[in-house]
Amino acid sequence: MDFPKRIKQHKAESDSYAILLYKLRDLGIFRNLTDNDYGIDFEIELVEDDKVTGKYIKAQVKSSDYLTIRKTDSVPTVGGIKQSTLNYWAELSHKTHVIAYVVDLKTENIYISKPLFWQVIKLIDGSNKTKTIEFVQHDDKHHAIIPSLFTKLYAHSPSLMDEIYSHRMALKNLKHFFDLYADVFHYDFHMPVDQLDIFETFLEVSKVLLWSSTIAYGDLKEEERRYIYSFSYWKRVTENAGGEDVANYVAQRPLKVLMPHLLDVLRNYEGRVFDSKYYWKHKSLTYLKLVYDFPIPQVSGHDEIINVGYKQYERYRKDGGFEYLISKC
């Protein structure tokens, strides 16, 4: 008697879903979206202490049929991603993080990508060519915990909208940040910070843009580290010492720690945006131009940063200009 044969690809997909659901079952609620094959398989919402958090990500799941471990650097990759899928992931990412998982059916190991937005927009080029995405490297020791741990981390991370808004704000206030840095180390240290709103903005954008950075805290106390991004905390420190608002000597502590890291991250964002200029040319030319108009100086040391403030931050590039930049994409 003849019966329909099960398609090998369908079995691999079902096995991948089953392994993912079992191994990540403690994360929370899995909403199945596989009936709509548009590049998303699940929505995963975190449940913590039996409470639904409202923190969630969109997930695409691939089986090991697509998995390749790159020989040059041992990075797990999956190829054959269509431009239409990349565009879809990029668009969804403006609302919530999109994460890809790939399941090795032989070992039942799960690999996880970082939030896909910045990776996929670099691959979008208007062609018909399929592309390859990368996943986080795992060593054998941490295979069991990395997918769950990173899923929680990404679900709690700042949204893409917050990220881009903070990037814009940082660029628009960059000269003010340099001036603020120079001033708090130059003026009477007991005097209040001259531009409190700029100091508060600096802390706000740093909190978002530095969320994944490893911060070198120097001699900050444990409490200062915990509340480093809190304007009200630094104001309270000044008040407890008998002052008002935020004194220069108080503002020096978070500024000296955070400014080098913020500049490093802003240089990283500059590279990301220029690497994906085709996408931004069609999605937001104003954002692309903003990044172009505010080059990030190659400074990191305390004295170097003060000197940028004193010498006035210069906003020009020694290249062919913005029109030349966009003509190359």
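Just so it is clear, the model here is predicted, and its values are computed rather than measured. (Residues numbered from 1 in each chain as written. Predicted model: local features only at pLDDT ≥ 70, side-chain atom pairs only at ≥ 80, totals over all residues. Heavy atoms only, no water.)

Trainee: What's the story with the environment of Lys114 in this structure? I'm lost.
Mentor: By the secondary structure assignment, Lys114 is in the loop between β7 (110-112) and α3 (117-123). Owing to a relative accessible area of 57%, Lys114 belongs among the exposed residues under this scheme. Each C-alpha atom of the pair Lys114 and Asp104 lies 18 Å from the other, and the pair is 10 residues apart in sequence. (Helix = DSSP H or I, 4+ residues; strand = E, 2+ residues; numbered from the N terminus. Buried < 20%, exposed > 50% of the residue type's maximum accessible area, 1.4 Å probe, protein only.)

Trainee: Looking at this structure, how should I read the sheet that holds strand β8 (residues 131-134)?
Mentor: Note on sheets: strands pair through backbone hydrogen bonds, and any given pair is parallel or antiparallel. A sheet is described by the order of its strands in space; here 3 strands give the open sequence β4-β5-β8, paired in antiparallel fashion. Edge positions in the sheet fall to β4 (67-69) and β8, since each has one partner strand and no second. Neighbouring strand axes in the sheet, compared pairwise and without regard to direction, differ in orientation by 35 degrees on average. Where strand β5 (residues 76-81) meets β8, 3 bridges bridge the pair, whose relative direction is antiparallel. The partner of Val78 across the bridge, within β8, is Ile133. Sitting on the sheet, helix α2 (residues 83-93) touches β5 and β8, and the angle it makes with β5 is about 115 degrees. (Pairing = 2+ DSSP bridges. Axes fitted to C-alpha atoms, helices over the stretch in contact; angles between N-to-C directions. Contact = heavy atoms within 4.5 Å.)

Trainee: Explain helix α6 (residues 174-186) to me, please; I cannot follow it from the model alone.
Mentor: One turn of the α-helix equals 3.6 residues, which is why residues spaced by three or four share an orientation. For α6, with 13 residues, the first-to-last C-alpha span of 19 Å sits near the 18 Å given by 1.5 Å per residue. Buried within α6 we find Leu174, Phe177, Phe178, Asp179, Leu180, Tyr181, Ala182, Asp183 and Val184. (Expected span 1.5 Å × (residues − 1).)

Trainee: I'm lost on the packing of helix α7 (residues 196-209) against helix α10 (residues 248-275) in this one. Help?
Mentor: Pairs of packed helices are described in terms of their axes, by the angle between the two and the distance that separates them. Where α7 meets α10, the closest approach of the two axes is 10 Å, and the angle between their N-to-C directions is 50 degrees. Regarding the angle of α7 to α10, the classification is oblique. Crossing angle aside, the handedness with which α7 passes α10 is left-handed. Within the contact between the two elements, α7 uses Phe199, Phe202, Leu203, Ser206 and Leu209 and α10 uses Ala251, Pro254, Leu255, Leu258, Met259, Leu262, Val265, Leu266 and Tyr269. (Parallel < 35°, antiparallel > 145°, perpendicular 65-115°, else oblique. Left-handed = near helix turned anticlockwise from the far one by under 90°.)

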